[in-house]
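Tertiary structure, described
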Amino acid sequence: MNGAENTISGYMDVSVLGGNTANTEFEFLTGNTMAFLPQGCIPYQQYVHDTMPSMASSLKEMGYRTLALHPYGAKGWDRHEVYEYFGFDTFYSKSDFTEPHLLRKYISDQEDVKKVIELYEQDPETPLFLFNVTMQNHSSYTDAFDNFTPTIEVEGNNSFALNQYLSLLKESDRSLEQLITYFEQVDDPTIIVLYGDKFVRSIHTFYRTDYFWKH
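For clarity, every value in this text was computed on a predicted model and none was experimentally measured.

**Description of the overall build of the protein chain**
Scanning the protein chain from terminus to terminus reveals seven helices and seven strands. Its helices and strands taken in sequence order, the protein chain reads α-α-α-β-α-β-β-β-α-β-α-β-β-α from the N to the C terminus. Whereas a compact globule of 215 residues would reach a radius of gyration of roughly 17 Å, the protein chain reaches 18 Å, a difference of no more than 12%. Judged by the C-alpha coordinates and their principal axes, the protein chain covers about 55 × 45 × 40 Å.

Have a look at this one:
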């Protein structure tokens with residue numbers, strides 16, 4: 001946020017709070033606003049039933065591989081249909097992970113990053129647009145799990161949920177470092193965009209493209 005090298009940062013306004021991730025995806029990928037749609041609707045489920053122009057379809061026309069990744073159920077918010085309508089070549093979900101490492105009950109960001117790198121290395125010669133919705137930090141934060149112990153404790157606050165949430169963010173930071181370190185060694189121009197649509201989960205979005213540098 002304070003001008004790190006090769007980093008642009010800022011604030012983002014979104015249409016959701018504490019749920020309905022699909023609506024942020026809809027606005028981001030299509031450029032359409034929820035402001036002109038009925039309150040409480042989910043475009044993925046109610047309005048996207050055929051081909052729709054999107055960031056994926058535009059880049060596909062320019063010769064990019066267009067992949068979507070979400071390490072959870074493919075049918076959530078009808079993503080298995082919507083991503084095809086948006087022009088993604090392939091959608092990878094939790095069924096495409098083999099014995100992945102879990103944090104709590106979700107596939108970890110570490111496993112997610114490994115999958116991003118794996119998909120890139122399948123065809124590094126072709127430009128890639130990969131839209132990646134992570135799952136590790138999904139709510140809730142009040143339950144304890146045998147496979148994850150919070151490592152952060154906030155002074156003056158005994159909230160288990162807060163400590164767990166911040167500890168999960170720490171793990172996400174480590175995974176993001178792995179992703180950045182890998183692509184620092186890649187010759188191709190690379191942009192990694194990271195944004196969160198609400199406090200309960202972060203969305204990692206990765207691009208390999210020089211298109212966004214030029215426009």
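**With respect to the pattern of salt bridges**
Applying the stated rule across the entire model yields five salt bridges. The shortest N-O distance in the salt bridge between Glu 118 and Lys 115 comes to 3.3 Å. In this pair, Glu 118 and Lys 115 both sit in helix H5 (residues 109-121), three residues apart, roughly one turn of the helix.

**Here we look at the packing of aromatic side chains**
In total, this model carries 14 aromatic pairs according to the counting rule given. Between Tyr 44 and Phe 86, the ring centres sit 5.7 Å apart and the planes meet at 75°, which makes this aromatic pair edge-to-face. Taken as a pair, Tyr 44 in helix H2 (residues 43-46) and Phe 86 in helix H4 (residues 79-86) lie far apart in primary sequence, 42 residues in all. You can call Phe 86 buried: its relative accessible area is 0%.

**Comments concerning helix H1 (residues 21-30)**
Burial runs high along H1: nine of the ten residues are buried. Taken together, the buried positions of H1 are Thr 21, Ala 22, Asn 23, Thr 24, Glu 25, Phe 26, Glu 27, Leu 29 and Thr 30. Directly beyond the C-terminal end of H1, a positive phi value near 80° is found at Gly 31.

**Overview of unusual backbone geometry**
Residues Ser 139 and Ser 140 are joined by a peptide bond in cis, for which omega reads 5°. Structurally, Ser 140 is set in the loop between strand S5 (128-132) and helix H6 (160-184). Residues other than glycine seldom take positive phi values, yet Asn 6 does so here, at roughly 60°. Looking at the secondary structure, you find Asn 6 in the segment before H1. Within the chain, Asp 78 stands out as a residue other than glycine whose phi angle is a positive 60°. With respect to the secondary-structure elements, Asp 78 resides in the loop between strand S1 (65-69) and H4.

How each quantity is defined
Residues numbered from 1 in each chain as written. Predicted model: local features only at pLDDT ≥ 70, side-chain atom pairs only at ≥ 80, totals over all residues. Heavy atoms only, no water. Helix = DSSP H or I, 4+ residues; strand = E, 2+ residues; numbered from the N terminus. Rg over C-alpha atoms; globule rule 2.2 N^0.38 Å. Salt bridge = Lys/Arg side-chain N within 4 Å of Asp/Glu carboxyl O. Phe/Tyr/Trp six-rings, centres within 6.5 Å; stacked < 30°, edge-to-face > 60°. Buried < 20%, exposed > 50% of the residue type's maximum accessible area, 1.4 Å probe, protein only.

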